[in-house]
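A closer look at the structure
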Amino acid sequence: MGDHKQRMLAGLPYRDDDPELVAERLHCRRLLDRFNAATADEDDVRAEVLRELLGGIGEGSWAMPRFVCDYGHLITMGSNSFLNYDAILMDCAPITIGNDVSIGPRAQLLTALHPIEDHERRRQRWETAAPITIGDNVWLAGGVIVCAGVTIGENTVVGAGSVVTRDLPPRVLAAGNPCRVIREL
């Protein structure tokens, strides 16, 4: 494993143009091409690709096309979980999706972070990444964006179009931009 990949996985600054990372993203895109090109009645093809692509996928879990991610192998899905149409999972850090999770259409789980104050490092394409964890039985409604480093507790519901910038506790209804707890469930 090269230096930049080790740095990425450790949450340290790394360059995304590192040849090893570029090659891994190309391999991922090839698998995603197969997944997204499968016809409506080729669920078995999509399931096979997900097993090859993801770091782990539980029984009864699936994703709808169009599905996009960076590496694939940093994503794990528990059992009976679902990614709806047009999911974007930027997995520069681990993304852990629990059991019985429903993720609505056009949701985005974004682990990448770019320098804010250091304009030169941003220009040079340095970045970091922080993991995302989605607890069991969470529902992310359509268009939800989950930012880097966020954990969402079990049995939580996040309203459509919300931008989750901070951790959410278990068993709450949360919504908005930025997302905030509305009430306990």
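Above: the structure in question.
Here goes a summary of the coordinates provided. All values derive from a computational prediction rather than experimental measurement.

To continue, consider the pairing of strand β19 (residues 172-176). Every regular strand shows the same layout, with side chains that alternate between the two sheet faces. The pairing of strand β17 (residues 157-158) with β19 spans two bridges and is classified as parallel. Opposite valine 158, over in β19, you have alanine 174 as the bridge partner. Sheet topology places β19 next to strand β20 (residues 179-184); five bridges connect them, and they run antiparallel. From the neighbouring strand, alanine 174 faces β20, where its bridge partner is valine 181. In sequence, β19 turns back onto β20 through a hairpin of two residues.

Residue position: glycine 98 is located in the loop between β8 (95-97) and β9 (102-103). Apart from residues no more than four positions distant in its own chain, glycine 98 is found in contact with Gly78, Ser81, Ile134, Gly135 and Asp136.

Let's shift gears to helix α3 (residues 43-53). Those residues of α3 not exposed but buried are Arg46, Val49, Leu50 and Leu53. End-on view of α3: buried residues confined to an arc of 100°, all on one side of the axis. Summarising the geometry of α3, the exposed residues directed more than 90 degrees from the buried face are Asp44 and Arg51. Tucked inside the fold, the buried residues of α3 contact α2 (19-37), β2 (56-57), β3 (62-63) and β4 (67-69).

What counts and what doesn't
- Residues numbered from 1 in each chain as written.
- Predicted model: local features only at pLDDT ≥ 70, side-chain atom pairs only at ≥ 80, totals over all residues.
- Heavy atoms only, no water.
- Pairing = 2+ DSSP bridges.
- Helix = DSSP H or I, 4+ residues; strand = E, 2+ residues; numbered from the N terminus.
- Contact = heavy atoms within 4.5 Å.
- Buried < 20%, exposed > 50% of the residue type's maximum accessible area, 1.4 Å probe, protein only.
- Arc of directions from axis to C-beta.

Bear in mind that shape data such as this cannot, by itself, settle questions of function.
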